[in-house]
Amino acid sequence: MHQKAPFNFPAMIPLWMFPIALATGNTYVLKPTEKAPSSALLLASILHDLGLPPGVLNVVNGGKECVDEIITHPGVKAVSFVGSNSVGEYIHDVGSRHGKRVQANLGAKNHATVMMGDSKRASTIKALVGAAFGAAGQRCMALSVVILVGDLETANSWIDEMVSEAKKLKVGNGFVDGVDVGPMISKEAKSRAESIIEKSIDKGASCPLDGRGIMVKGFEHGNFLGPTVINLSENYHLDSDQAITNPAYTEEIFGPVLTVMTVPTLDDAIQITNRNPYGNGCAIFTSSGATARKYQFEIEAGQVGINVPIPVPLPFFSFTGNKGSIRGDVNFYGKSGVNFFTQLKTITSNWQYEGGDLGGVAMPVLGKK
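In this text the structure is predicted, and so the values were computed from the model without any measurement.

What counts and how
- Residues numbered from 1 in each chain as written.
- Predicted model: local features only at pLDDT ≥ 70, side-chain atom pairs only at ≥ 80, totals over all residues.
- Heavy atoms only, no water.
- Helix = DSSP H or I, 4+ residues; strand = E, 2+ residues; numbered from the N terminus.
- Contact = heavy atoms within 4.5 Å.
- Areas by Shrake-Rupley, 256 points an atom, 1.4 Å probe, with all protein chains shown as cover.
- Patch = residues over 30% accessible without salt bridge, like charges linked within 9 Å, V, L, I, M, F, W, Y side chains within 5 Å.
- Salt bridge = Lys/Arg side-chain N within 4 Å of Asp/Glu carboxyl O.
- Buried < 20%, exposed > 50% of the residue type's maximum accessible area, 1.4 Å probe, protein only.
- Pairing = 2+ DSSP bridges.
- Right-handed = clockwise from strand over helix to strand, strands pointing away.
- Disulfide = S-S within 2.5 Å.
- Polar contact = N/O pair within 3.5 Å; in protein donor to acceptor, adjacent residues only side chain to side chain.
- Expected span 1.5 Å × (residues − 1).

**Student:** Would you explain the overall build of the protein chain in this entry?
**Tutor:** Of regular secondary structure, the protein chain possesses 11 helices and 15 strands. C-alpha atoms of the protein chain, sized along the principal axes, occupy 85 × 50 × 35 Å. When contacts within the protein chain are restricted to residue pairs at least 6 apart in sequence, long-range pairs at least 24 apart make up 70% of them. On the protein chain, roughly 18,500 Å² of surface is accessible, and the fraction owed to carbon and sulfur atoms is 56%.

**Student:** For this particular structure, what's the right way to read a nonpolar patch on the surface?
**Tutor:** On the surface, L42, I46 and L50 cluster together to form a nonpolar patch covering roughly 330 Å² of accessible area. With respect to the secondary-structure elements, I46 resides in helix 2 (residues 38-49).

**Student:** Explanation requested: the pairing of strand 12 (residues 282-285) in the structure shown.
**Tutor:** For a regular strand, the rule is simple: side chains alternate between the two faces of the sheet. The side-chain alternation of strand 12 yields two buried faces, one formed by C282 and I284 and the other by A283 and F285. In this structure, strand 6 (residues 110-115) lies alongside strand 12, joined through 4 bridges in parallel fashion. Pairing of V114 across the sheet is with F285, part of strand 12. Alignment of strand 12 against strand 13 (residues 304-306), held across 3 bridges, turns out to be parallel. If you follow A283 over to strand 13, its bridge partner there is G305. As for the winding sense of the linkage, the β-α-β connection from strand 12 through helix 10 (residues 289-298) to strand 13 is right-handed.

**Student:** Mind showing me how you'd approach the state of the cysteines here?
**Tutor:** A covalent bond bridging the sulfur atoms of two cysteines is what the word disulfide describes. Under the definition given, this model contains 0 disulfides. Counting only cysteine sulfurs, C282 is the nearest neighbor of C140, a cysteine outside any disulfide, at a range of 14 Å. According to the relative accessible area criterion, C140 is buried, its value standing at 15%.

**Student:** Looking at this model, I keep getting lost on the pairing of strand 4 (residues 78-82). Mind explaining?
**Tutor:** Along strand 4, 5 of the 5 residues are buried, which leaves the element largely enclosed by surrounding structure. The side-chain alternation of strand 4 yields two buried faces, one formed by A78, S80 and V82 and the other by V79 and F81. Relative to strand 5 (residues 101-105), strand 4 runs parallel, the two sharing 5 bridges. Of the residues in strand 5, the one forming a bridge with F81 is A104. Crossover strand 4 to strand 5 through helix 4 (residues 85-97) is right-handed.

**Student:** Whenever I open this one, the side chain of K31 confuses me. Can you help?
**Tutor:** For K31, the position within the fold is in strand 2 (residues 28-32). A polar atom in the side chain of K31 sits 2.8 Å from the backbone oxygen of G62.

**Student:** What am I meant to see in helix 9 (residues 266-275) here?
**Tutor:** Structural remark: α-helix, 3.6 residues per turn; residues separated by three or four positions point the same way. Of all 10 residues in helix 9, 7 are buried, a share of seventy percent or more. Restricting attention to buried positions, one finds in helix 9 the residues L266, D268, A269, I270, I272, T273 and N274.

**Student:** Quick question: what am I supposed to make of helix 5 (residues 121-133) here?
**Tutor:** Given a rise of 1.5 Å per residue, 13 residues ought to cover 18 Å, and the 18 Å separating the end C-alpha atoms of helix 5 matches this to within 8%. Where helix 5 is buried, its residues touch strand 6, strand 7 (143-149), helix 6 (152-167), strand 9 (228-231), strand 10 (257-263) and strand 12. Looking one or two residues past helix 5, A135 carries a phi angle of roughly 60 degrees, positive in sign.

**Student:** Looking at this model, I keep getting lost on unusual backbone geometry. Mind explaining?
**Tutor:** Among all residues except glycine, the phi angle is most often negative; among peptide bonds, the trans geometry is most common. One non-glycine residue, N307, adopts positive backbone phi at about 60 degrees. Even without being glycine, Y333 reaches a positive phi, approximately 45 degrees. In this fold, Y333 is placed in the loop between strand 15 (326-327) and helix 11 (334-340). On the basis of relative accessible area, Y333 is assigned to the buried category, the value being 7%.

Printed below as a string of structure tokens:
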């Protein structure tokens, strides 16, 4: 078995997979991202010290050539991947053509619908801000889009409060106590996010909170981007029948950027969410059981939170993102993870006590002696 692990959760993501793979009798090759290789080596070292035999869990480092060698090797039966769309689609395509079972978790654009008329305002705003800007937005289940349902005056006040709450977050070195938002993974990632913000504003969006240009004392050349809020429908309701083309919505920014819009009805919010090509997760904030029930049945995303901003399932369930957020048809961890790392086998037997018919030219019939 083989896995390529991402930079944002370099220990947690491998722990989704290799414990199940090892427990079901497989050996494992773990290739961490070049941007964060240390966690994989530490995990392997811990297991080695605990007595795991050599060759059971293996860690290799490298770039595309290393990946190609692994996903085409005849000794590799299955491949797990978490990361970007372009790399994941490549691994799924090449691995599948070489007869591998492949599960690849790709990009996301996670939407939260807020029923402003009946959700608990203060706690909802705190949850939205935390889900959007925690880990500097660099997680596949980060909250990317908030759809406010209701009138425009109320929506403007909600956005003002979200901005005020986001301004309380401290940006800085993640190893310092009290820091809420750390740096982005690279200068390239920061530059890309800033470029999308700029293009979004050029395309007509407003930016009530702009985190570009933030300076962290002692780390003036760090890859820091402060919490940013982009409003796609300032002072008007977004038309759910029209495609949204603003880059703040169409791109997976993978940074501390939250896109906000306002619509008049829950049906509009569901329509917009379902039209998005991704399907990792979504959430609704409401005090109405009937509203929540309608949402959970009509929404297409594979992981749904009811007053839960980041609905990542507990380990005994499975990570059930869908649509453009996954390639392959077997999900990560839980029962699906066991299925992925095992192969079904069917045994048909015929035990005769004293002689008996073991079959002839005719097809066997159930119950016939």
